[in-house]
Amino acid sequence: LVVPALGQLLHSGEEEVHHDACWALSYVTDRQDLEHIEAVVTSPGVCVRLAELVAHENNKVVQAALRALGNLVTGNAAQTQAVIEAGALPAVNGLLSVPNKRSIKKEACWLVSNIAA
């Protein structure tokens, strides 16, 4: 997979690169393929960086990071736990309590509901 390269792009200094890398990771994990989810979850620093990007100033980056994290927590219990341990819940909590765009709140709620499922 291209996960290591996408993980490196998450650390780029450019918003558009962050946005595109997050969406690419969400596409890789979109079909609840446990192998693809595992590749992302076990790639060093990727989940942590996605959780960090949830606090990005650009809502497009936030939405893409939320979608990627939301896809990751459709995996098995260990994969979901890895996302939680990466700090996803505290990052998302702020989005649920502060007025944001509806699409951001929708993604945040979807991620939390996937964790609870």
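Calculation notes
Residues numbered from 1 in each chain as written. Predicted model: local features only at pLDDT ≥ 70, side-chain atom pairs only at ≥ 80, totals over all residues. Heavy atoms only, no water. Salt bridge = Lys/Arg side-chain N within 4 Å of Asp/Glu carboxyl O. Helix = DSSP H or I, 4+ residues; strand = E, 2+ residues; numbered from the N terminus. Buried < 20%, exposed > 50% of the residue type's maximum accessible area, 1.4 Å probe, protein only. Arc of directions from axis to C-beta. Contact = heavy atoms within 4.5 Å. Polar contact = N/O pair within 3.5 Å; in protein donor to acceptor, adjacent residues only side chain to side chain. Core = buried A, V, L, I, M, F, W, Y, C linked by side-chain atoms within 4.5 Å.

> How should the pattern of salt bridges be read in this particular structure?
When their charged atoms lie close together, side chains carrying opposite charge are able to pair. Summed over the entire model, instances satisfying the criterion amount to two salt bridges. For Arg-49, the salt bridge identified is with Glu-52, shortest N-O distance 3.1 Å. Linking Arg-49 with Glu-52, this pair stays in helix α4 (residues 46–53), spanning three residues, or about one helical turn. A residue is classified by how much of its surface remains accessible, and Glu-52, at 43% relative accessible area, is partly exposed. Across the pair Arg-67 and Glu-107 runs a salt bridge, and its minimum N-O distance is 2.5 Å.

> I would appreciate a short explanation of helix α6 (residues 77–85) in the present structure.
Within an α-helix, residues lying three or four positions from one another point in the same direction, as the helix has 3.6 residues per turn. Those residues of α6 lying buried are Gln-79, Thr-80 and Val-83. One side of α6 carries all its buried residues, which in axial view fall inside an arc of 100 degrees. Opposite the buried face of α6, by more than 90 degrees, sit the exposed residues Ala-77, Ala-78 and Glu-85. Looking at the buried residues of α6, the elements they touch are α3 (34–41), α4, α5 (59–72), α7 (88–97) and α8 (102–116). Residue Asn-76 occupies the N-cap position of α6, its side-chain oxygen lying 3.1 Å from the main-chain nitrogen of Ala-78.

> I would appreciate a short explanation of the nonpolar core in the present structure.
Across soluble globular proteins, nonpolar side chains show a tendency to be buried alongside one another. Judged by nonpolar contacts, the single largest core of 34 residues is most densely connected at Leu-10, Leu-25, Leu-50, Leu-66, Leu-69 and Leu-72. Elements represented by at least two residues in this core include exactly α1 (3–9), α2 (15–28), α3, α4, α5, α7 and α8. Element by element, the count of residues in this core is highest for α5, at eight residues. Not counting the four nearest positions on each side in its chain, Leu-50 is found in contact with Leu-10, Cys-22, Leu-25, Ala-65, Ala-68, Leu-69 and Leu-72.

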